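# Inside the fold
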Amino acid sequence: MPYKNGFAWVLQRTRTRSGMKRKQDVLHKTDRVKLWTPQSSPVIENSQWIESESGFPTKTYPIHVLLHANGEDVVSVEAVDVLFQALSTFQNTQGYENLCGGGGQTTVGHHDHNNASASESESSSSIPECTILGITNFFDDDPNVFRQEVNTQQDLVRAISVYPLLPNGRIVQRGRMFGYRVESNDERNLVLGAQMLKLRLGLPESADTRTFEKLAIRNLLEFRNELILEPVSPFHVEVLSLDSYTNETERAVMNDLPLIPAMILIMFAFSCLVYYKKNQVQSSCLFLGIGAVLTVVFSLLTSFGLLFLIGVPFSSLTAATPFIILGIGLDDSFIITGAYQRTDPSDLIPTRIQNAIHDCGLSILLTTLTTVSAFSLGTMSRVPAMKNFYIYAATCVFVDFIYQISFFVALLYMNEKRKAQRRYDWLFCFKQKSTSSDSTFDDEASGSDFDTTSTAFERKGYKLLRWYCNLLEHYAAIRAGIIVVFITFACVSVYGGSKLRVAFDITSLVPSKSYINSFVSALESYSEQDAYTCTAFFRDVDFSSQVVQSQMNAYIDELVDLPQITSYPPHFWLQDFQNFTHASKNASLSSSTTNSSFEEQLDMFLDNDYYNVLYSNLIVRDTSTNGGGAMTESAVILSLDNIDLKNVRDQVSFLSSQEEISRHFDKTLQSLGVKTKPDRMPFFTFSEDYFMWEFYAVAVEELLLSTIASVLAVAVITFLFIPRISVLCIVMLSVIMIYMDVLGLMYWAGFSINPVTLIAILMSIGLMVDYVLHVVMRCFEHHKQQPIMTTSQENDVPKVHVDMYDCLSTIGISVMIGGASTVLSTIPLAFSTSEIFFSIFVIFFGFVMFSLMHGLIFVPAILASFSFHNDDTKTASEDEDESAQEVVMEEEDSSIRKETTAVTIMLAALHEN
């Protein structure tokens, strides 16, 4: 299976060697598959042993070329000629002579331990530098030979139907040369047609390999595009290399980079729209709106700079962080501004800012802590990609909080001084000409009419919220209906969430129009679905021991007994070796064979050309000793032919079963007194697929544990800051319902649980509680700010619900604006060239919308239906004492405000005189 055996089933199972070893290259220099493998996984340890410590031959770096005609037959002279042109394009690439020694070899000397067929492993006296596997092998990979021998269709069919060996003795692998094919039913077994021709070009590992690979892919893609532009050509060429995924993922991020300035422009426009008013001096605050966006941008630059400095890897998932942080970062700016507008306009600017922070500071701190705690708990994830993302997210949220309470507050002070000095909003170097009727203000005084002038959006918001409060008060059926609808929808969503499955298509990380997608689509459409394979490795034992050999056979037998494997491996060196030695004892060589050592018998076994072709790269011997040397390691290929390529349950089940079998034989060998190395299993299986299967095995567990930990952290922090059981119940009920709603949305949108959606879910747990907390905290405040309602408004609303009306008509407007900004910040993700960002957009959009609806609709309905305004733990006498203290404090605050106003008037009069 060519495209699963060197490249590990099209990208999903490939690895990069550059990885996280170069921390200074934080942009995508990460191992793209191991990035999803849980830390401390035995798969990583086994992979490192195979690559670094074992003596197995180094695997080649493959470049795959496919030729098809959209399902039409490609067994034709013209099609093979096009494939030779592709081969010539590869060989004419600059650097080919130095890397491949002037010509490709048709033998495969570099063995792929994971998915290579045993028949691939052919030995030679010297390992060839480059390898070619494909239909061109029938013509010695020489286009001149092809053109000399083939003149008609019959000549071509006769040439490519040679089986089972080529004239040079090499085994023919039709499955790796053709896609869906038509063969004759007679004994000649002729290849009469095929929907695809395949070509695998293997590059040796060297310092120049990656550079040459990139150039070769570029040339092959140019040849592919030229072929597409030919109107008369029905053929299409698809290419893929080991680094294609890395390069295309980087290209996806580069293509999405323009979305970031687009998002910033959207935020600038929205923020300016919110802060703009007709009066350019006393009302409009475009300067502050721009500053709000810059506050978040600066916090992002600071956070990313610090993390780049210490070398935290940056991947395509982390690239979604700016879109999220910019949206939620503006929420705090709007809430601080809204709190400032609710302060007494007659107070001095520092006093107003102090009162504003006193009003909303606890709410902002609480929501920041819940978000940071949820992200911080995510850093305990065993999956490196998720851990790195949470490090970026937690850092960005915390740094943004620091910027909000320092940088943005300073901008707010500067903006108010500008208004106090009657300077224009945009051209703040110029002052408005004063008239005799204008009041004179101190530099520290405010007195602007910005506080009493609302935008059309705010006025409509006030009207809508007041209408909603009146509905809740006068119609009990509406209150009950809202609660029932929300709870019913959550229950239905629970059913949908229970149907979610675990799956991951790693091609979703590349651009939608990437050549990788074309390759995968062609391979799936015009070629057999190759089965998974794994390799069983044996190490650290005495292979000459009959006990060890018996346990090796038993180990393979137990693996074959698993339901995912239906057939015994066709080529197992130990079986063939035992049959060879048994047959030799009854032949003319019986005397020499009987008296020979195990190593000498192995020499004779491998002297056989057929066995040498099959097993030379599956047996490792100690070359430091005389002769062939003692065997140190060996391997056998098994086909997992009963595992559905898209069935995650089967994959995880086999992963768990094979690991259990390996542990069992480790204990068995120890009980039999077989010497092995401690802390590692002598028998184990390995496949490149295991990297993603390990993630599948822990995905649901990671989701459950992270969700529970995050929700508990939100509950603990909320209760520490607001020690009321009623508040905790409302917040936790809303969090659980929002979470269920989003899981249902994922199911109905056709999503699955994968690394992308898992991060999007866990990322939003700390964020979804923000709007609910802001609303609940405002409604449960002990010390209320100055009411914004007029006397007539208070008369329209019953006294018991004045607090809820005050909450929705104050913090409600800020929450609505903040929610709108968060939604707008993620809209550019919907236009991403990769599906990953679109998935994040849908899930995050769902979280924001459900959170807003719960904060502004469901929570008020709960508050209107039940009386939560008294502290659950206070007695009646304590309530009376507290009320008396509040009255005294309000009287003192009123007295202080009157004295401050009087002093301000006196200063203004003195200034006029």
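Along each chain, the written sequence defines residue order, and numbers are assigned to residues from 1. A pLDDT threshold of at least 70 governs which residues receive local features in this predicted model, and a stricter bar of 80 or more applies before side-chain atom pairs are shown or counted, although totals over entire chains, interfaces and linings include all residues. The basis for every side-chain value is the complete set of heavy atoms in the structure, and neither hydrogens nor water enter the calculation.

## Focus on the environment of Glu558
Operational definition: Each helix is a run of H or I in the DSSP string that is no shorter than four residues. Each strand is a run of E no shorter than two, and both are numbered from the N terminus. Any pair of residues with heavy atoms lying within 4.5 Å of one another is described as a contacting pair.
Mapping Glu558 onto the fold places it in helix H17 (residues 546-560). Note: C-alpha distance between Glu558 and Ser662 (104 residues apart in sequence) is 9.9 Å. Ignoring any residue separated from it by four or fewer positions in sequence, one finds Glu558 in contact with Ile661, His664 and Phe665.

## Describing the sheet that holds strand E5 (residues 196-203)
In plain terms, the rule: Two strands qualify as a pair provided DSSP detects at least 2 bridges between them. Axes here refer to lines fitted to C-alpha atoms; in helices the fit is confined to the stretch in contact. Angles between the N-to-C directions go from 0 to 180 degrees.
Overall, antiparallel pairing links the 4 strands, which are arranged E2-E5-E1-E6 in an open sheet. Single-partner strands in this sheet number two, and they are strand E2 (131-134) and strand E6 (236-241). Here the average twist between neighbouring strands, direction ignored, is 15°. Taken together, the 8 bridges between strand E1 (residues 61-68) and E5 define a ladder with antiparallel strand orientation. From the neighbouring strand, Leu67 faces E5, where its bridge partner is Leu197. Each of E1, E5 and E6 touches helix H16 (residues 515-526); the most contacted strand, E6, lies at about 110° to it.

## Remarks on the confidence of the model for the protein chain
As a reminder, the rule being used: A score from 0 to 100, pLDDT tells how confident the predictor is in each residue.
Across the protein chain, the average pLDDT comes to 78, with 78% of residues at 70 or higher. The element-level mean pLDDT for the protein chain is lowest in helix H1 (residues 2-5), coming to 35, with strand E10 (residues 683-686) highest at 96. In the predicted structure, residues 447-453 sits below a pLDDT of 50 and forms 23 contacts with residues beyond four places in sequence or in another chain. Note on residues 900-913: pLDDT is under 50 here. Beyond four places in sequence and across chains, it has 6 contacts.

## Brief notes about the packing of helix H11 (residues 321-341) against helix H12 (residues 349-378)
In plain terms, the rule: Working rule for angles: under 35 degrees goes down as roughly parallel, over 145 as roughly antiparallel, 65 to 115 as roughly perpendicular, anything else as oblique. Each crossing is labelled by how the near helix is turned from the far one, with a counterclockwise turn of less than a right angle marking it left-handed and a clockwise turn marking it right-handed. Ten residues, namely Ala, Val, Leu, Ile, Met, Phe, Trp, Tyr, Cys and Pro, are considered nonpolar, four, namely Asp, Glu, Lys and Arg, are considered charged, and the remaining ones, Gly among them, are considered polar.
One can describe the packing of H11 onto H12 by two numbers: an axis separation of 8 Å at closest approach and a directional angle of 140°. Comparing the axis directions of H11 and H12 gives the class oblique. Between H11 and H12 the crossing geometry is right-handed. Of H12, the residues touching H11 (which contributes Asp332, Ile335, Ile336, Ala339, Tyr340 and Gln341) are Ile349, Arg352, Ile353, Ala356, Ile357, Asp359, Cys360, Ile364 and Thr368. Classifying every residue of the contact of H11 with H12 gives 10 nonpolar, 2 polar and 3 charged.

## Describing helix H7 (residues 209-229)
Put simply, the test is: Under the convention used throughout, the expected extent of a helix is 1.5 Å for every residue step, that is, one less than its residue count. When accessible area is computed with a 1.4 Å probe and restricted to protein chains, residues below 20% of their type maximum are described as buried, those above 50% as exposed, and intermediate ones as partly exposed.
Over its 21 residues, H7 extends 30 Å from the first C-alpha to the last, a length consistent with the 30 Å expected when each residue adds 1.5 Å. Along H7, the residues that are buried comprise Thr209, Phe212, Glu213, Ala216, Ile217, Asn219, Leu220, Leu221, Phe223, Arg224 and Leu227.

## Notes on the environment of Thr58
Examined against the element boundaries, Thr58 turns out to sit in the loop between helix H2 (42-53) and E1. Note on Thr58: relative accessible area 37%, which makes it partly exposed. Taking C-alpha positions, Thr58 is 8.2 Å from Pro204, a pair spaced 146 residues apart along the chain.

## Some thoughts on the packing of aromatic side chains
To describe a pair of aromatic rings, one takes the distance between the centres and the angle between the planes. Using the following cut-off: In this analysis, rings of Phe, Tyr and Trp, with Trp reduced to its six-membered ring, are considered paired at centre separations within 6.5 Å, and the interplanar angle assigns stacked below 30 degrees, edge-to-face beyond 60, and tilted for intermediate values. Our definition puts a charge over a ring when NZ of Lys or CZ of Arg is within 6 Å of the ring centre and also within 35 degrees of the ring normal.
Tallying each qualifying case throughout the model produces 43 aromatic pairs. Every member of this aromatic cluster is reached through a ring pair, and the members are Phe543, Trp573, Phe577, Phe580, Phe598, Phe605, Tyr610, Tyr611 and Tyr615. Here the guanidinium or amino end of Arg352 rests over the ring plane of Tyr340, the centre of that ring lying 4.2 Å away. Residue placement shows Arg539 over the ring face of Trp49; its charged tip is 4.8 Å from the ring centre.

## Quick notes on the sheet that holds strand E7 (residues 532-539)
As a general point, the strands of a sheet are linked pairwise by backbone hydrogen bonds and lie either parallel or antiparallel. Taken together, 4 strands build an open sheet; the order of strands is E8-E9-E7-E10 and the sheet is antiparallel. Of all strands in the sheet, those with a lone pairing partner are strand E8 (619-621) and E10, marking the two edges. Between one strand axis and the next, the sheet turns through 20° on average, direction left out of account. Note: E7 against strand E9 (residues 631-640), 8 bridges, orientation antiparallel. Note on E9: the bridge partner recorded for Thr533 is Ser639. Along the sheet, H17 makes contact with E7, E9 and E10, crossing E10 at roughly 40°. Of the strands in this sheet, E8 and E9 touch helix H20 (residues 598-607), which is tilted by about 130° from E8.

## Here we look at the side chain of Gln404
If you trace the backbone, Gln404 turns up in helix H13 (residues 384-420). We classify Gln404 as buried; its relative accessible area is 0%. Other than its neighbours up to four places away in sequence, Gln404 contacts Thr295, Val296, Gly329, Asp332, Ser333, Ile336 and Val409.

## Focus: the pairing of E1
Most of E1 sits out of view: 8 of its 8 residues are buried. Of the two faces of E1, the one carrying Tyr61, Ile63, Val65 and Leu67 and the one carrying Pro62, His64, Leu66 and His68 are both buried. Two elements, E1 and E6, share 6 bridges in a ladder whose sense is antiparallel. By the bridge assignment, Ile63 is partnered in E6 with Ser241.

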